[in-house]
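Observations on chain architecture
Here are the chains, one letter per residue:
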Amino acid sequence: MSVYKYVADNDPEGAEFIINSFGYEVTNRRNLGQSLSELVSEVGEPALRKVMEYHPDKEIILELNEDNKKSECTCGNCKKTRTQERYMNVSGVETPKQEKPEKQEKPDTLAHQTNVILVVATLFIVTALIYKNN
């Protein structure tokens, strides 16, 4: 269940108010979760913040977040790493931590380098043959 559907199912009047507050009109009251999702897609962060203000578990989430902040290291690197590891997207599906891929060269670059090596080797052999015959 997405966060939008969860908020809309638990507080349909609040969901309708959120949509109206951004100048949009509710056309399908049965699908408020989808409407909230589309609103956030259109408007962005301000709409997402408004949706989260109406989240039924907002107090619990804030309380858990405050407990985590107290036990966290204050250096910037630790904080960034911990935030990335426990990221969950707004659809409610946990997103796996993406490792940075090893630096791979593009096929075009590799082909170009191979061609350069062949040309240099050919020039070297031709030069050696010319000097040998002279």
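Right above here is the structure, for reference.
Because the structure is predicted, anything quoted here is derived from the model rather than measured.

Structural notes on the overall build of the chain
Helix and strand content of the chain: 7 helices and 0 strands. Element order for the chain, N to C, with α for helix and β for strand: α-α-α-α-α-α-α. Taken across its 134 residues, the chain has 13% of its residues classed as buried. Taking the contacts inside the chain whose residues are at least 6 apart along the sequence as the reference set, 49% of them involve residues at least 24 apart. Carbon together with sulfur atoms contributes 54% to the accessible area of the chain, which is approximately 11,200 Å² in total.

Description of the pattern of salt bridges
Scanning the entire structure with this criterion turns up 3 salt bridges. Across the pair Arg29 and Glu16 runs a salt bridge, and its minimum N-O distance is 2.9 Å. With Arg29 in the loop between α2 (12-21) and α3 (32-43) and Glu16 in helix α2, this residue pair connects regions lying 13 residues apart in the sequence. Where Glu45 meets Arg49, a salt bridge forms, and the shortest distance between an N and an O atom there is 2.8 Å. Residue Glu45 and its partner Arg49 are located together in helix α4 (residues 45-53), separated by 4 residues, close to a single helical turn.

Structural notes on the packing of α2 against α3
Helix-helix packing: each pair is described by the crossing angle between the helix axes and the interaxial distance. Axis separation between α2 and α3 bottoms out at 10 Å; the angle between their running directions is 30°. Relative to α3, the element α2 lies roughly parallel. In terms of crossing hand, the pair formed by α2 and α3 is left-handed. The residues of α3 that touch α2, namely those facing Pro12, Ala15, Ile18 and Ile19, are Leu32, Ser35, Leu36 and Leu39. Per-class residue counts for the contact of α2 with α3 are 7 nonpolar, 1 polar and no charged.

Here we look at the packing of aromatic side chains
Under the defined criterion, the tally for this structure stands at 1 aromatic pair. With centroids separated by 6.3 Å and ring planes inclined at 50°, the aromatic side chains of Phe17 and Tyr54 adopt a geometry described as tilted. Taken together, the positions of Phe17 in helix α2 and Tyr54 in the loop between α4 and α5 (58-71) put the pair 37 residues apart, joining distant regions of the chain. Classification of Phe17 by relative accessible area gives partly exposed; the value is 45%.

Brief notes about the nonpolar core
Grouped together as the largest cluster of nonpolar side chains are 14 residues, with contacts concentrated most on Tyr4, Ile19, Leu32, Leu36 and Val51. Residue assignment for this core shows that the elements contributing at least two residues are α1 (3-10), α2, α3 and α4. Contact partners of Leu36, with chain neighbours within four places excluded, come to Tyr4, Val7, Ala8, Ala15, Ile18, Ile19 and Val51.

Topic: a nonpolar patch on the surface
Nonpolar side chains collect at one region of the surface, where Phe124, Ile125 and Leu129 lie side by side and expose about 350 Å² of accessible area between them. One can find Phe124 in helix α7 (residues 107-133). Residue classification places Phe124 among the exposed positions, given a relative accessible area of 62%.

What counts as what
Residues numbered from 1 in each chain as written. Predicted model: local features only at pLDDT ≥ 70, side-chain atom pairs only at ≥ 80, totals over all residues. Heavy atoms only, no water. Helix = DSSP H or I, 4+ residues; strand = E, 2+ residues; numbered from the N terminus. Buried < 20%, exposed > 50% of the residue type's maximum accessible area, 1.4 Å probe, protein only. Contact = heavy atoms within 4.5 Å. Areas by Shrake-Rupley, 256 points an atom, 1.4 Å probe, with all protein chains shown as cover. Salt bridge = Lys/Arg side-chain N within 4 Å of Asp/Glu carboxyl O. Axes fitted to C-alpha atoms, helices over the stretch in contact; angles between N-to-C directions. Parallel < 35°, antiparallel > 145°, perpendicular 65-115°, else oblique. Left-handed = near helix turned anticlockwise from the far one by under 90°. Nonpolar A, V, L, I, M, F, W, Y, C, P; charged D, E, K, R; others polar. Phe/Tyr/Trp six-rings, centres within 6.5 Å; stacked < 30°, edge-to-face > 60°. Core = buried A, V, L, I, M, F, W, Y, C linked by side-chain atoms within 4.5 Å. Patch = residues over 30% accessible without salt bridge, like charges linked within 9 Å, V, L, I, M, F, W, Y side chains within 5 Å.

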